[in-house]
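Now for the letters of each chain:
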Amino acid sequence: MNTEQLNRLLLEAFPELADEFEEYTSWQDGMETGCFLTYEDLLLPFARDALDAKDDVKLTRIGTFIEKLVTLGDDYAVNVATVGLLEGLKADGNDTIRQYLGTTSLAEYDSMAY
Amino acid sequence: MYIRGKGVAPLEVMTVGGFSSGLFSGTSGSPQLSLSGGGGDSTIQSASTTGSGTQREALLNEATTDEARGIVKELYREGANVGDGGTADAIREELATGNPVGGRSHIQKGRERLRQIERILQRNPDHPDRTLLERLRDDLRNALEGN
């Protein structure tokens, strides 16, 4: 999966990020902006806000999306999901996200040493 | 054995246990040392070189813009303890040992952040955090080049 495809996946799953995405990527590489950047700088804050707000609906969507990424069988998607998202969430020290993760992403999350 | 911070052009270089530490722009105090086995030779690294906090905290305190703070936060995750806790040192560890930190490669992340910082500096030559961003850029570039 290339950068554009993975960014498209992000926008399909979280259309509410579209405006922010457009602004954020407008001075970078558009749809080819690196996904560590778009996922860490757009989806991660979205997830943190959902955690702070205890927004069950959003957290379910986020957990489902992360599980999808780690089970796609695509190296880039897995790398972004683990290093970009799960590592960031784990570092925050709020384990609430655990209950929203699927089997594979939860195993990844729990195996991270922090 | 890998040497952290090699190649960085810091404003102040602090030597800890024979290893040069890179990104700090100033501050003093008694460094706290942590021992961390990388792969192969043991490596002595400074978990904190300010005496009052981590590299992450020092860089966050130095940053004056949300843009720079955001980059520091993602490059230096809370609690990360390989080298100075930054992505560049994770890359150095990975390249030196062949073992990705946490079992997952940080190289692509480093490449993307490097490109982003270069873009920011090109776009805004008078960026208020230019010095900090240049040091982050150089650190990532050196790490990716195996230095």
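Residues numbered from 1 in each chain as written. Chains lettered and ligands numbered in written order. Predicted model: local features only at pLDDT ≥ 70, side-chain atom pairs only at ≥ 80, totals over all residues.

Novice: An account of the overall build of chain A is requested, with residue identities and associated values reported.
Specialist: Per the secondary structure count, chain A includes 6 helices and 0 strands. For chain A, the C-alpha radius of gyration of 13 Å lies close to 13 Å, the compact-globule estimate for 114 residues. Judged by the C-alpha coordinates and their principal axes, chain A covers about 35 × 30 × 20 Å. Each of the 114 residues in chain A was classed as buried or not, and the buried ones make up 39%. Sequence separation of 24 or more characterises 62% of the internal contacts of chain A that already satisfy a separation of 6 or more. (Helix = DSSP H or I, 4+ residues; strand = E, 2+ residues; numbered from the N terminus. Rg over C-alpha atoms; globule rule 2.2 N^0.38 Å. Buried ≥ 20, exposed ≤ 12 C-beta atoms within 10 Å, placed from the backbone. Contact = placed C-beta atoms within 7 Å.)

Novice: How would you explain the overall build of chain B if you had to name every residue and give the values?
Specialist: Counting its secondary structure elements, chain B contains 5 helices and 4 strands. Put simply, chain B runs from its N terminus to its C terminus through helices and strands in the order β-β-β-β-α-α-α-α-α. Within chain B, buried positions represent 43% of all 147 residues.

Novice: Give me the interface of chain A and chain B: which residues, what numbers.
Specialist: Between chain A and chain B, the residue contacts involve 19 residues of the former and 18 residues of the latter. Of all the elements in the fold, those that place two or more residues in the side of chain A that touches chain B are helix H3 (35-53) and helix H5 (75-92) of chain A. For the side of chain A that touches chain B, the residue count by class is 8 nonpolar, 7 polar and 4 charged. (Nonpolar A, V, L, I, M, F, W, Y, C, P; charged D, E, K, R; others polar.)

Novice: Lay out the environment of A:Glu22 with the relevant residues and their values.
Specialist: Residues and elements named next belong to chain A. Note that Glu-22 resides in helix H2 (residues 18-26). Given 12 C-beta atoms within a 10 Å radius, Glu-22 is considered exposed. Residues Glu-22 and Leu-59, 37 residues apart in the sequence, show an inter-C-alpha distance of 23 Å.

Novice: I'd love a proper account of unusual backbone geometry, names of residues and values included.
Specialist: One non-glycine residue, A:Lys54, lies in positive phi territory at about 50 degrees. Classification of A:Lys54 by C-beta neighbours within 10 Å gives exposed; the count is 9.

Novice: I'd love a proper account of the packing of H2(A) against H3(A), names of residues and values included.
Specialist: Residues and elements named next belong to chain A. At a minimum axis separation of 11 Å, H2 and H3 run at an interaxial angle of 140 degrees. Judged on the interaxial angle alone, H3 and H2 are oblique. Where H2 crosses over H3, the handedness of that crossing is right-handed. The residues of H3 that touch H2, namely those facing Glu-20, Phe-21, Tyr-24 and Thr-25, are Thr-38, Asp-41 and Leu-42. Residue composition of the contact of H2 with H3, grouped by class: 3 nonpolar, 2 polar and 2 charged. (Axes fitted to C-alpha atoms, helices over the stretch in contact; angles between N-to-C directions. Parallel < 35°, antiparallel > 145°, perpendicular 65-115°, else oblique. Left-handed = near helix turned anticlockwise from the far one by under 90°.)

Novice: Help me get a handle on helix H1 (residues 3-13) of chain A, residues and values and all.
Specialist: Residues and elements named next belong to chain A. Thr-3, Leu-6, Asn-7 and Leu-10 are the residues of H1 that are buried. Each buried residue of H1 sits inside an arc of 100 degrees when the element is viewed along its axis, so together they form one side. Buried positions along H1 lie against H3 and H5. (Arc of directions from axis to C-beta.)

Novice: Outline the nonpolar core, supporting the account with residue identities and numerical values.
Specialist: The tendency in soluble globular proteins is for nonpolar side chains to be buried side by side. With 28 residues, the main nonpolar core has A:Tyr39, A:Leu43, A:Ile66, A:Leu69, A:Val80, A:Ala81 and A:Leu85 as its most contacted residues. Contributing elements (two or more residues each) for this core: H1, H3, helix H4 (56-70) and H5 of chain A. Per-element accounting of this core gives the leading share, 9 residues, to H3(A). Within the second largest apolar cluster, 22 residues are counted, among which are B:Ile71, B:Val82, B:Leu133 and B:Ala143. (Core = buried A, V, L, I, M, F, W, Y, C linked by C-beta atoms within 7 Å.)

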